[in-house]
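Residues per chain, in single letters:
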Amino acid sequence: MNIEEALAILDTFLEHGLSDVQEIVFRKAWEGQTYPDIAESCGYDANYIKDVGSKLWKLLSQAFGEEVTKSNFRSVLRRRSQSRVLLEKLQSVPAVLRQSQQISRGKKPLEILSNHGGISGSFLVMGKQDKRKTSVINPDSLELPGGSVPLNSSFYIKRPPIEERTYTEIKKPGSLIRIKAPSKMGKTSLMHRILTHAKQTGVHTVQISLQRADSQVFTSLEKFLRWFCANVSRQLNLEIRLDDYWDDDIGSKVSCTLYLQEYLLEKIDAPIVLALDEVNRIFEYPEISRDFLPLLRSWYEDASELEIWQKLRLVVVHATEAYIPLDINQSPFNVGLPIKLPEFSLEQMQELAVRHELDWAKGEQGLQKLAPLLAMIGGHPYLARLALYNLGHQAVTLEQLLEEAPTIAGIYSNYLRHHLTNIQEHLELATALKRVVTSPTSVQLEAIAAYKLESMGLVKLEGNQAMPSCELYRLYFREQLI
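Reading guide: rules and limits
Residues numbered from 1 in each chain as written. Predicted model: local features only at pLDDT ≥ 70, side-chain atom pairs only at ≥ 80, totals over all residues. Heavy atoms only, no water. Pairing = 2+ DSSP bridges. Helix = DSSP H or I, 4+ residues; strand = E, 2+ residues; numbered from the N terminus. Axes fitted to C-alpha atoms, helices over the stretch in contact; angles between N-to-C directions. Contact = heavy atoms within 4.5 Å. Expected span 1.5 Å × (residues − 1). Buried < 20%, exposed > 50% of the residue type's maximum accessible area, 1.4 Å probe, protein only. Salt bridge = Lys/Arg side-chain N within 4 Å of Asp/Glu carboxyl O.

A. Examining the sheet that holds strand E3 (residues 272-277) more closely. Read from one edge to the other, the open sheet built from five strands follows the order E2-E3-E4-E1-E5, with strand pairing classed as parallel. For this open sheet the edge positions go to strand E2 (204-209) and strand E5 (337-340), each flanked by a neighbour on one side alone. Strand-to-strand twist in this sheet, taken as the mean axis angle between neighbours without regard to direction, amounts to 15 degrees. Examined bridge by bridge, strand E1 (residues 176-180) and strand E4 (residues 312-318) share five bridges and lie parallel to one another. Each bridged residue has a counterpart across the sheet, and for arginine 178 the counterpart in E4 is valine 316. Strands in contact with helix H14 (residues 286-302) are E1, E3 and E4; relative to E4, the strand with the most contacts, it is inclined by about 145 degrees.

This is the structure we're talking about:
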């Protein structure tokens, strides 16, 4: 049973349905969020959300004639989906309406019954369409994709069990989480959710994006580490005291370590979750990355021996493997919890389409209609959201979108042109990508070119072999890289 089927059952039993806030609480509780989680993600006071939840479970208890709580409501609804009472209530829906709904889904009347005498989930969802609105009210409420997905967005698609694994891991003293995925795959969106979840447990959070650092920061290791320490201090609302701990005689790495160990970690009253975003930018500066990356590894390892370092928990976000030589015993990329974000599956694409209020995407027929889109864009989250945003606004039909996708007239033209400009500024990347998109099979590329193309999301790597990430890139760049 999914969330839409569960809401359909509620609409069957509740005379007036759920209020907007009640539905938010129900949806978030279905996802396993706590009341503080819900309040934080939706911008409500925690006590208010808790009160809404209490009244919601009391309302459902009265409607179902048994005690319903936040911990048992799923099992209650699952039983009700197969109950005779629900069947009798659904039979009160006008026959003409039910028949038209079944036909619109290509269903035969008997197909609404399960082998166990229950009601099929698809019929439940159909039966509620005229009684309640979906979570997205109209096209004006659709979010134009770009950047990370807001915490309170209904367009964030979870990729189980990734979220729960990271939420569990970040609670552990001295933990390290590594998130790897190409550009615009949802790395930063996941990072923000990890930080939000961690903050609700009472820890401090610090977020540093290397993409925001000035170029001059990368001119020397000392400048970089002082910039790093100053950023951490400011976000912890602590006085910057670099000169009290920096000593040229012991070097910048030891100075940085002492600054964290003897000042920041000692001064704060709770653990720190330190998230480093866009770490792959430092790969472009080998002299800095060869020292800074092993330093991260040493802090992680210090937690096993020194209690003070257990107060530091690290989240490292990067788009590709480090293409600089690192001793296997000094690299931070082979310790901790590795998270590699996958592309959306066809079912996740369907879930996202339904959240964009695309009724044609529902059911088995909807999956069949979405399959060509998945084949074109490969389940890339940003490309999927951009397509569904335009389809939700009825700016283009699915057939037109697919036909024009790899052309300058398509919805991806600006996105593709941006990549093309970057590629053409680097002859070695243009040459490498041209080999990939014009070959009928995977090809072997020089390592750095392969990693850079992977970080841009343009190719997938299997061992030493590269292939286009999706058909969109193959078709577009085959024409443009002449």
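Okay, back to it.
B. View of H14. In this model H14 runs 24 Å from its N-terminal to its C-terminal C-alpha over 17 residues, within 8% of the 24 Å that 1.5 Å per residue would give. Those residues of H14 lying buried are Ile288, Ser289, Phe292, Leu293, Pro294, Leu295, Leu296, Arg297 and Trp299. Those residues of H14 that are buried are in contact with helix H11 (221-235), helix H13 (252-267), E3 and E4.

C. Region of interest: the pattern of salt bridges. Taken as a whole and assessed by the stated rule, the structure comprises 12 salt bridges. Across the salt bridge formed by lysine 172 and glutamate 169, the nearest N and O atoms sit 3.1 Å from each other. Judged by relative accessible area, which is 41%, lysine 172 ranks as partly exposed. Exposure remark for glutamate 169: the relative accessible area of 17% places this residue in the buried category. In this structure, glutamate 454 and lysine 180 form a salt bridge, with 3.5 Å as the shortest nitrogen-oxygen distance. Of this pair, glutamate 454 sits in helix H21 (residues 447-455) while lysine 180 sits in strand E1; the two residues are 274 residues apart in sequence, bridging distant segments of the chain. Take glutamate 454: its relative accessible area is 9%, and that puts it in the buried class.

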